[in-house]
Amino acid sequence: MIWLNVVIQGVLVGGFYALFACGLSLMFGVMRVINLAHGDMAVVAAYVAVFLTPHAHIPEVWAFVVVAPLFGVVGYVVQRTLIQKSIDRDPFTTLLVTFGLSVIIENLLLEIYSSNGQIVNVGELIVKSWHPQSIIYISYVSLAVLAAAVAVLGLLQVFLSKSGTGRLIRAVADDHEAAQLSGTNYRHIFGIAGAIAFATVALAGISYGMMTEFAPTSGGVNLLFAFETVVIGGIGSLWGTLVGGIALGIAQQFGAHINPEYQVLAGNILFLVVLAVRPEGLFGKRTALA
Amino acid sequence: MPLLQLEGVSKKFGQVVVGQEITFQLDEGAAVGIVGPNGAGKTSLFAMISGDVKPDAGEIEYDGHKLAHLSQAARARLGIGRTYQVPRPFEHMTVFENALLAAQQGARTRGHASYVLAYDSLSRTGVADFANVSAGSLALMHRKRLELARALAMRPRILLLDEIAGGLTDLEVNDLTSIIRGLRAEGIAVLWIEHVVRALLSTVDRLLCLSSGAIIADGDPKEVMASEAVRSIYLGGKIINTLNV
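It is worth spelling out the overall build of chain A at this point. Across its full length, chain A carries ten helices and two strands. For chain A, the sequential pattern of α-helices and β-strands runs α-α-α-α-β-β-α-α-α-α-α-α. The C-alpha radius of gyration of chain A comes to 19 Å, within 12% of the 19 Å expected for a compact globule of 290 residues. By principal-axis analysis of the C-alpha atoms, chain A measures approximately 60 × 50 × 35 Å. Across the 290 residues in chain A, those meeting the buried criterion constitute 51%. Contacts in chain A between residues at least 24 apart in sequence constitute 76% of all its contacts with a sequence separation of at least 6.

In this section: the interface of chain A and chain B. With 16 residues of chain A in contact, the opposing surface of chain B contributes 20 residues. Considering only residue class, the side of chain A that touches chain B consists of six nonpolar, six polar and four charged.

Turning next to helix α5 (residues 140–162) of chain A. Residue and element names in this part refer to chain A. Its 23 residues place the ends of α5 32 Å apart at the C-alpha level, agreeing with the 33 Å of an ideal helix rising 1.5 Å per residue. Residues Val141, Ser142, Val145, Leu146, Ala148, Ala149, Val152, Leu153, Leu156 and Leu160 constitute the buried set of α5. Buried residues along α5 sit against α1 (2–31), β2 (136–139), α6 (164–181), α7 (186–211) and α9 (238–258).

Residue and element names in this part refer to chain B. An order of β6-β7-β8-β3-β9-β10 is seen for the six strands of this open sheet, with the pairing classed as mixed. With partners counted over all chains shown, the strands left at the sheet margins are β6 (80–83) and β10 (214–219), one partner each. Direction aside, the axes of adjacent strands within the sheet are offset by 15 degrees on average. Contacts between helix α5 (residues 140–152) and the sheet are confined to β6 and β7 (158–162), with β6 contributing the most and set at about 170 degrees to the helix.

It is worth spelling out the environment of Thr94(B) at this point. All names here are of chain B. Checked against the element boundaries, Thr94 lands in the loop between β6 and α3 (95–105). Look at Thr94 and you get partly exposed, because 18 C-beta atoms sit within 10 Å. As for Thr94 and Phe130, which are separated by 36 residues in sequence, their C-alpha atoms are 8.4 Å apart. Sequence-distant contacts of Thr94, defined by excluding residues within four places in its chain, comprise Ala131, Asn132, Val133, Ser134 and Ala135.

Residue and element names in this part refer to chain B. For chain B, the assigned domains read domain 1 (4–79 + 156–244) and domain 2 (89–155). Just the C-alpha atoms count here: the centres of domain 1 and domain 2 sit 24 Å apart. The interface of domain 1 with domain 2 comprises eleven residues on the first partner and twelve residues on the second. Only α2 (72–77) and α6 (170–185) provide two or more residues apiece to the side of domain 1 that touches domain 2. If one sorts the elements of the side of domain 1 that touches domain 2 by residue count, α6 sits on top with three residues. Residues belonging to the side of domain 1 that touches domain 2 are distributed by class as follows: seven nonpolar, two polar and two charged.

All names here are of chain B. Neither face of β6 is open: one carries Ile80 and Arg82, the other Gly81 and Thr83, and all of them are buried. Across four bridges, the pairing between β6 and β7 is parallel. Residue pairing across strands places Arg82 opposite Leu160, the latter belonging to β7.

Residues and elements named next belong to chain A. Running from amino to carboxyl end, α1 crosses α9 at an angle of 135 degrees, the nearest separation of the two axes being 6 Å. If you check the angle between α1 and α9, you find them oblique. Here α1 runs over α9; the crossing is right-handed. A class-by-class count of the residues in the contact of α1 with α9 yields 14 nonpolar, eleven polar and no charged.

All names here are of chain B. Structurally, the position occupied by Leu176 is in helix α6. Leu176 sits in the buried class, given 22 other C-beta atoms within 10 Å. Considering only alpha carbons, one finds Leu176 and Ala165, eleven residues apart in sequence, at a separation of 7.3 Å. When near neighbours in sequence (up to four residues on either side) are disregarded, Leu176 contacts Lys144, Ile164, Ala165 and Leu168.

Let us now look at the nonpolar core. Leu19(A), Ala45(A), Ala193(A), Ala202(A) and Ile206(A) are the most contacted members of the largest nonpolar core, which totals 164 residues. Broken down by element, the residue count for this core peaks at 18 residues, all from α7(A). The residue makeup of this core includes at least three contributed by each of domain 1 (4–79 + 156–244) and domain 2 (89–155) of chain B. Setting aside residues no more than four positions away along its own chain, Ala45(A) makes contact with Val67(A), Phe71(A), Val201(A), Ala202(A), Gly205(A) and Ile206(A).

All right, on to the sheet that holds strand β4 (residues 57–62) of chain B then. Each strand in a sheet pairs with another by means of backbone hydrogen bonds, the pair being arranged parallel or else antiparallel. All names here are of chain B. Read from one edge to the other, the open sheet built from four strands follows the order β2-β1-β4-β5, with strand pairing classed as antiparallel. Edge strands, defined here as strands with exactly one partner in the open sheet, are β2 (16–26) and β5 (65–66). The sheet contact formed by strand β1 (residues 4–13) and β2 spans seven bridges and is antiparallel. By the bridge assignment for β2, Val9 is matched with Ile22.

A few words now on the packing of α5(A) against α7(A). In helix packing, the relevant descriptors are the interaxial angle and the interaxial distance, both defined with respect to the helix axes. All names here are of chain A. The N-to-C vectors of α5 and α7 enclose an angle of 170 degrees; their axes lie 10 Å apart at closest approach. It follows from the interaxial angle that α5 and α7 lie roughly antiparallel. Of the residues in α7, those in contact with Val141, Ser142, Val145, Ala148 and Val152 of α5 are Thr200, Leu203, Ser207, Met210 and Met211. Looking at the contact of α5 with α7 residue by residue, the classes come out as seven nonpolar, three polar and no charged.

Rules behind the numbers
- Residues numbered from 1 in each chain as written.
- Chains lettered and ligands numbered in written order.
- Predicted model: local features only at pLDDT ≥ 70, side-chain atom pairs only at ≥ 80, totals over all residues.
- Helix = DSSP H or I, 4+ residues; strand = E, 2+ residues; numbered from the N terminus.
- Rg over C-alpha atoms; globule rule 2.2 N^0.38 Å.
- Buried ≥ 20, exposed ≤ 12 C-beta atoms within 10 Å, placed from the backbone.
- Contact = placed C-beta atoms within 7 Å.
- Nonpolar A, V, L, I, M, F, W, Y, C, P; charged D, E, K, R; others polar.
- Expected span 1.5 Å × (residues − 1).
- Pairing = 2+ DSSP bridges.
- Axes fitted to C-alpha atoms, helices over the stretch in contact; angles between N-to-C directions.
- Domains from an automatic or database assignment.
- Parallel < 35°, antiparallel > 145°, perpendicular 65-115°, else oblique.
- Left-handed = near helix turned anticlockwise from the far one by under 90°.
- Core = buried A, V, L, I, M, F, W, Y, C linked by C-beta atoms within 7 Å.

Written out as structure tokens, the structure is:
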């Protein structure tokens, strides 16, 4: 029963990792951009939820309704300007630019909000959980985040495979030059993919703030877990991202159960094993979006 | 007014000259072939017309539009269709989706009309049977046909064909050539780079020969092939120069 609980907790945290990694996976899958500011954008979303949405008389728990679309707009603009300009220069420039962005964001947040920890206030809900067995506790917040992850990845999958815009995103992911030759303005499509990635990262950031305390520097470690999730699951595969997140979550919980210090180590070991045995990831197809 | 007009178009990649004052016109519905040794600047010429590469000097006009400030996508929507030497289908999409995307983005059709146009271009190029197959699994001949279908689905007024017959068997070349002749008969202009000269001569009514980025012959296909300048390029003499390029 103890091990069952370990698995359940792993699945719950894995849902969060998947939600967090989904935007990273999308930006790499479509634009071939590794956004090193991905984790920091999530933290910004959490700060916006805590400090700005109350001014609009929106409870923090509902902040995502406003912050996700807002981040979608920001994502489109950042992609069309800063990131597109770096892509046009050369692929390595995107690494430098997003790294610079990450440093700037962290320091701005420190300057404005100090290094004190914050949480997204969800009221009583934070301590409520479902308690089906003596030692199994399923936190409602974690369950909601897992459900959000499944819903976001599922909707994204349907959007990419069924809609016209989704088809365009898959086409530019495959070969953006050939897509242009068919009359597609690939920069606009990159912008749409950027908007989706940023909107999902806003959801992830607010979820994070609901589950635990965050500070301006919280982005980095989450970015690492997001990377591991994407690599384990397979780059560009959305369901792979979910499985990757859950696998990472379970590995970490097993490690933590043996010794709390082994939590991150166990995740890293799984990551290295997958890299060694199956470099394209569990669901990876080596290129483009599934 | 000619459909396509190039005026003094020049381009260098470092020290390599791929375009030297290229000037020519192409009328609506005309079929013109381009030959020349490797490195002569044939594909670069297509890249400059389709907007992939910017000329250093000169001007390209299409249907009265100056192309210089138009993006590749905008040029495609105006009716400039291009096929690549090595076909570049969207490998992770079905054959039908490949054509549908061109019908919707290039020809600006929507809904039912776009489906009809996509299917029609696939059947005209003989790949409709593969509509639901992943484009990545196609063999070379079918990839080339899909490449053509995708260009057709944009309702082009001119097709830039880059060695579409290369790497195919004689029988396949014949099939493809008859498809292209059919398109020409419908009034689509064709500008065709090809090493398989036999395929060209059966289709085009004018031939250009490029060498080191310059047009060295332009006229009746048989006369161009028989001309001293072209023969010396293919059979010796200047070949040493072109190898240096």
